[in-house]
Amino acid sequence: MTIRVWGYLEEYEQDREEILAAVDAVFRSGQLVLGPNVEAFEQEFAAYHAVRRCVSVDNGTNAIVLALRALGVGPGDEVVTVANTAAPTVVAIDAVGATPVFVDIDDRHYLMDTARLEEAVTERTRCVVPVHLYGQCVDMSAVMDVARRRGLVVVEDVAQAHGARQGGVVAGSSGDAAAFSFYPTKVLGAYGDGGAVLTDSDDTAARLSRLRYYGMEDRYYVTETPGHNSRLDEVQAAILRLKLGRLDDYVRARRQVAERYAAALADTGLVLPATAPGNEHVYYLYVVRHPERDAIMAQLGERGISLNISYPWPIHTMSGFAHLGYGEGSLPVTERVAHEIFSLPMYPSLAVDDQQRVIDALREVLAGLGG
């Protein structure tokens, strides 16, 4: 039997009756779009983060797009971010007509190297998008210090860090806005696509509400362009409400999986995840590192164990972003790490026996490689 790098089926079996009841209640309500579940989820999600406003949207990519537009970021502007991220982060910046500018990452935590942030700021810089990657936060005090001194807005990309904290502050509550994805693999995942933007600004929230609904403030009358059809539906909102109440339980379960890996693999040649000072990691992914990454993945695949690489191609090396002009070697840490990192199976319902099988196979393969 194959061990998946991520799975939801065991979790679904545990929660099936409640999920089906929530979905059935939506279908029986006669209201499928922008109804009471969406409104309630927005209030509950904002409250969890101690942020005043939440505007839900249809996916995490549009959460970034609309957050940028609501904050006035557009053509001619530069947005500083990282190339070690999922493509949607940068696709969203490109979608508003802005130019992505990349900062290299930290060698231990694979997050934005905030010591290099200010040197990337120019007269055209309008925004910073720190990516809270793999389950922990970028140093937000450093980001906000640069942003406030240089007059920049900050949109946190929190797609991979639901429930993570830094200095006790939950991810997504420090910037001018924060974009979330509820793609099924996420720490808080829907059973389809979904996203949201958090902000403390009533004006920004009002713009977001218009932008996600064709630019309309009143039905059929467009007050703002370019608007979108970017609404979270009632079914996904109902499921997310149910799962939000269990988010902290999901995080605890992920940390238990991470602790078992750390204890069992500490004496191997793998570089295990490091938690940055002040961070409380939620382990969206359990990312390890080894120079023989490809051989390890191939041999574990032969044993029926699926692994993943997040991400094998840094954004600046992709042909679709060649126009940005970043040559090989321009982001040395990002490029070096991309050849070595890979993810072990990580999800709350990963069985202890299955995890032990992963551990045993890894140790056997590593021993054969001499490390």
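Above this note sits the structure.
Residues numbered from 1 in each chain as written. Predicted model: local features only at pLDDT ≥ 70, side-chain atom pairs only at ≥ 80, totals over all residues. Heavy atoms only, no water.

**Q** Outline the overall build of the protein chain, listing residues and values.
**A** The helix and strand tally for the protein chain stands at eleven helices and 14 strands. Relative to the 2.2 N^0.38 estimate, which gives 21 Å for 371 residues, the radius of gyration of the protein chain is 21 Å and therefore close to what a compact globule would have. Based on the C-alpha atoms only, the size of the protein chain along its principal axes is roughly 65 × 55 × 35 Å. By residue count, 56% of the 371 residues in the protein chain fall in the buried class. Excluding contacts between residues fewer than 6 apart, the proportion of contacts in the protein chain whose partners are at least 24 apart in sequence is 71%. Approximately 15400 Å² of the protein chain is accessible, and the part contributed by carbon and sulfur atoms is 49%. Where the 33 positive side-chain charges of the protein chain centre and where its 50 negative ones centre are 2 Å apart. (Helix = DSSP H or I, 4+ residues; strand = E, 2+ residues; numbered from the N terminus. Rg over C-alpha atoms; globule rule 2.2 N^0.38 Å. Buried < 20%, exposed > 50% of the residue type's maximum accessible area, 1.4 Å probe, protein only. Contact = heavy atoms within 4.5 Å. Areas by Shrake-Rupley, 256 points an atom, 1.4 Å probe, with all protein chains shown as cover. Lys, Arg positive; Asp, Glu negative; His and termini not counted. Charge placed at Lys NZ, Arg CZ, Asp CG, Glu CD.)

**Q** Provide a residue-level description of the sheet that holds strand S6 (residues 165-166), including the pertinent values.
**A** Across the sheet, three strands lie side by side as S7-S6-S12; this open sheet has antiparallel pairing. Two strands bound the open sheet, and with one partner strand each, they are strand S7 (169-170) and strand S12 (279-280). Where S6 and S7 come together, two bridges link them in antiparallel fashion. Across the sheet, residue Gln 166 finds its bridge partner in S7, namely Val 169. (Pairing = 2+ DSSP bridges.)

**Q** Lay out the packing of aromatic side chains in plain terms, naming residues and giving numbers.
**A** A complete count under the given rule lists twelve aromatic pairs for this structure. Members of the aromatic cluster, each reached through a chain of ring pairs, are Trp 6, Tyr 8, Tyr 12 and Tyr 191. (Phe/Tyr/Trp six-rings, centres within 6.5 Å; stacked < 30°, edge-to-face > 60°.)

**Q** Help me get a handle on the sheet that holds strand S3 (residues 99-103), residues and values and all.
**A** With mixed pairing, the seven strands of this open sheet are ordered in space as S1-S9-S8-S5-S4-S2-S3. For this open sheet the edge positions go to strand S1 (53-57) and S3, each flanked by a neighbour on one side alone. On average, adjacent strands in this sheet sit at an angle of 25 degrees to one another, irrespective of strand direction. Pairing of S1 with strand S9 (residues 195-199) involves five bridges; the strand directions are antiparallel. Along S9, the bridge assignment pairs Arg 53 with Thr 199. Its contacts with the sheet place helix H3 (residues 60-70) against S1, strand S4 (125-128), strand S5 (153-157), strand S8 (177-181) and S9, and it is angled at close to 165 degrees to S8. Packing against the sheet, helix H4 (residues 87-95) makes contact with strand S2 (78-82), S3 and S5, and its axis sits at approximately 180 degrees to S2. (Axes fitted to C-alpha atoms, helices over the stretch in contact; angles between N-to-C directions.)

**Q** So what about empty space enclosed by the protein? Which residues, and what values?
**A** One pass over the full model with this rule turns up one cavity of 30 Å³ or more. Taken as a whole, the largest cavity spans an internal volume of roughly 60 Å³. For the lining of the largest cavity, the per-class residue count stands at six nonpolar, three polar and one charged. (1 Å grid on protein atoms, 1.4 Å probe; cavity = no way out; pocket = protein on both sides within 12 Å on 5 of 7 lines; lining within 4 Å. Points joined across faces, edges and corners; volume = space filled by probe spheres on them. Nonpolar A, V, L, I, M, F, W, Y, C, P; charged D, E, K, R; others polar.)

**Q** Please give an account of the layout of surface pockets that cites residues and values.
**A** Its volume calculated, the largest pocket comes out at about 540 Å³. Lining the largest pocket we find 30 residues, and of these Ala 86, Tyr 183, Thr 185, Lys 186 and Tyr 284 sit closest to its centre. Put simply, the parts of the chain that give the lining of the largest pocket at least two residues each are H3, H4 and S8. Classifying every residue of the lining of the largest pocket gives 15 nonpolar, eleven polar and four charged. In this structure, the second largest pocket occupies an estimated 160 Å³ of space. Lining of the second largest pocket is provided by 13 residues; of these, His 109, Leu 111, Met 112, Asp 139 and Ala 276 occupy positions nearest its centre.

**Q** Account for the nonpolar core, naming residues and giving values.
**A** Counting 58 residues, the largest nonpolar core has Phe 41, Phe 45, Leu 117, Phe 182 and Leu 198 as its most contacted members. Residues in contact with Phe 41, not counting those within four places in the same chain, are Phe 182, Leu 232, Ala 237, Leu 240, Arg 241 and Leu 244. By size, the runner-up hydrophobic cluster in this structure holds 27 residues, among which are Ile 3, Tyr 261, Leu 300 and Ile 309. (Core = buried A, V, L, I, M, F, W, Y, C linked by side-chain atoms within 4.5 Å.)

**Q** Run through the pairing of S3, naming residues and quoting values.
**A** Among the five residues in S3, four count as buried, and that is most of the element. Looking at chain direction, S2 and S3 are connected through five bridges and run parallel. Bridge assignment links Val 80 to a residue of S3, and that residue is Val 101. In this fold, the crossover linking S2 to S3 by way of H4 has right-handed handedness. (Right-handed = clockwise from strand over helix to strand, strands pointing away.)

**Q** Tell me what's going on with helix H8 (residues 247-265), and back it up with residues and numbers.
**A** Relative to the 27 Å expected for 19 residues at 1.5 Å per residue, H8 spans 27 Å between its end C-alpha atoms, a close match to the ideal helical length. Buried residues of H8: Leu 247, Tyr 250, Val 251, Ala 253, Arg 254, Val 257, Ala 258, Tyr 261 and Leu 265, and no others. Each buried residue of H8 lies within a common arc of 165 degrees when the element is viewed along its axis, so the set occupies one face. Facing away from the buried side of H8, by more than 90 degrees, are the exposed residues Glu 259 and Ala 263. On its buried side, H8 packs onto helix H1 (9-29), helix H2 (36-48), helix H7 (234-244), strand S13 (286-289), strand S14 (341-344) and helix H11 (352-369). (Expected span 1.5 Å × (residues − 1). Arc of directions from axis to C-beta.)

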